[in-house]
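# Results of the structural survey
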Amino acid sequence: MNITPLVWVITIAVTIAFFVYEFFAHVRKPHEPTIGESARWSAFYIGLALLFGVGIGVVSGWTYGGEYFAGYLTEKALSIDNLFVFLIVMTGFAVPKIYQQKVLMIGIVIALILRGAFIAVGAALIENFSWVFYLFGALLLVLAYRQAFGDHQSNPSDGRFMRLVRRVLPVTNEYHQDRLTVRKDGRRFVTPMLLTIIAIGFVDLIFAVDSIPAIYGLTEQAYIVFTANAFALMGLRQLYFLIGGLLERLVYLAQGLAVILAFIGVKLVLHAMHVNELPFINGGEPMLWAPEIPIWFSLLFIAATIAVATVASLIKTRGGRGVAHTPVANAPVANASVGSASAGHTSLAPRAHAREAAGAPAAVHAPETHAPETPADTVSADTRKEVS
């Protein structure tokens, strides 16, 4: 696949333009998106991603087209898994719903930047060291195990990393609209909004560790890796508000992702054996008997796994069964500790290693918020009682 520097420049410029438009058209003015708005933009971005994949297939051949669609499906599933943790972090920090768009946008941009860096590093490693496929394959197998059997009960908003941040930075106990810092008594303080963004940025870094090796198991083309990631992240903000209630019902998504990661890990190891150059393995000779899994099979397997995990989850939670509801902060809650309302007791299951890396305990006590109430943000006394 021959991608010229000009194509790269145009692709990156268009990607940046989309996110700039998103910010000025939808995020700059705080508001809670309607279902209609979220549905329209989600459909637009998914349709755009599918159209781009068809374009790759027509222009560069359907082998590359298949690699793109397999990569896009995998990255979209992993990105939806990101939403679980974004939900947990924003619940832990009691982020008012009208400001959640800004947090999501910044988190998505951070994710794209980090993944871009990982893509560049991965491409350089693959170009120069074929043994890196062994490393990526082993990493994905370990992460698949942790995804399937790891602890899914902790909350990154109160992990060791965030406790360190709180000790280093002076933090206010209340939100000041969507401002990141505020001056009080002549001293500059950071707000819980900034802490939320730091927590999401840290989680994004952890997520990139399995996201990029996973897609490099499906294609070695850096351009496909980048565009699949970019399209998977586009529209994620709208999808968050569109399927927010559905997220808690996807109780088997973690297991489905574990199967996908394990499958790609095995595929990477088999490919590494097929192109082996390590002198202490088979005398440095390739093991040509190792099968190469075709991309059409990978695409079907990934799509079928996502479908089975989704259907099984919806059947399991039909009528509210098997769902531990996680309250999402719709507004600042005066003098409320959200420890009991944290996602530390939820059945949500994002990638376990992100939580474990954050070292979060089961119970969370987020910063208290004292922002003035508005009619749109008023919380009833009963709600306050439940949260505290």
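Given the structure is predicted, the values throughout are model-derived calculations rather than measurements.

Rules and cut-offs
Residues numbered from 1 in each chain as written. Predicted model: local features only at pLDDT ≥ 70, side-chain atom pairs only at ≥ 80, totals over all residues. Heavy atoms only, no water. Axes fitted to C-alpha atoms, helices over the stretch in contact; angles between N-to-C directions. Helix = DSSP H or I, 4+ residues; strand = E, 2+ residues; numbered from the N terminus. Left-handed = near helix turned anticlockwise from the far one by under 90°. Nonpolar A, V, L, I, M, F, W, Y, C, P; charged D, E, K, R; others polar. Buried < 20%, exposed > 50% of the residue type's maximum accessible area, 1.4 Å probe, protein only. Contact = heavy atoms within 4.5 Å. Core = buried A, V, L, I, M, F, W, Y, C linked by side-chain atoms within 4.5 Å. 1 Å grid on protein atoms, 1.4 Å probe; cavity = no way out; pocket = protein on both sides within 12 Å on 5 of 7 lines; lining within 4 Å. Points joined across faces, edges and corners; volume = space filled by probe spheres on them.

### Brief notes about the packing of helix α4 (residues 97–128) against helix α7 (residues 192–216)
At a minimum axis distance of 8 Å, the contact between α4 and α7 shows a crossing angle of 35°. Two packed elements cross with a definite hand, and for α4 against α7 that hand is right-handed. Taken together, the residues of the contact of α4 with α7 sort by class into 18 nonpolar, five polar and two charged.

### Quick notes on the side chain of Arg115
Secondary-structure assignment places Arg115 in helix α4. With a relative accessible area of 2%, Arg115 lands in the buried category. Among all residues touching Arg115, those that are not within four sequence positions of it are Glu75, Ser79, Asn82, Ala208, Ser211, Ile212, Asn229 and Leu233.

### A short note on unusual backbone geometry
With a phi angle near 50°, Ala94 is a residue other than glycine that sits in the positive phi range. Along the chain, the position of Ala94 falls in the loop between α3 (62–92) and α4. On the basis of relative accessibility, which here comes to 3%, the residue Ala94 falls in the buried class. Even without glycine at this site, Asn282 takes up a positive phi of about 55°.

### Overview of the nonpolar core
If you look at the biggest cluster of nonpolar residues, it comprises 83 residues, and the most contacted ones within it are Tyr68, Phe93, Tyr216 and Ile264. Among the elements that make up this core, the one with the highest residue count is α3 (14 residues). Excluding residues that lie within four positions of it along the chain, Ile264 makes contacts with Thr74, Leu140, Ala214, Gly217 and Leu218.

### Topic: the environment of Ile198
Turning to its location among the elements, Ile198 is positioned in helix α7. A residue is classified by how much of its surface remains accessible, and Ile198, at 23% relative accessible area, is partly exposed. Through-space distance from the C-alpha of Ile198 to that of Val165 is 8.7 Å; in sequence the pair is 33 residues apart.

### Considering the layout of surface pockets
Of the volumes computed, that of the largest pocket is approximately 330 Å³. Forming the boundary of the largest pocket are 13 residues, of which Ile46, Lys76, Ile80, Leu239 and Ile306 lie nearest the centre. Per element, the largest residue contribution to the lining of the largest pocket is five residues, and it comes from α3. Taken together, the residues that form the lining of the largest pocket break down as 11 nonpolar, one polar and one charged.

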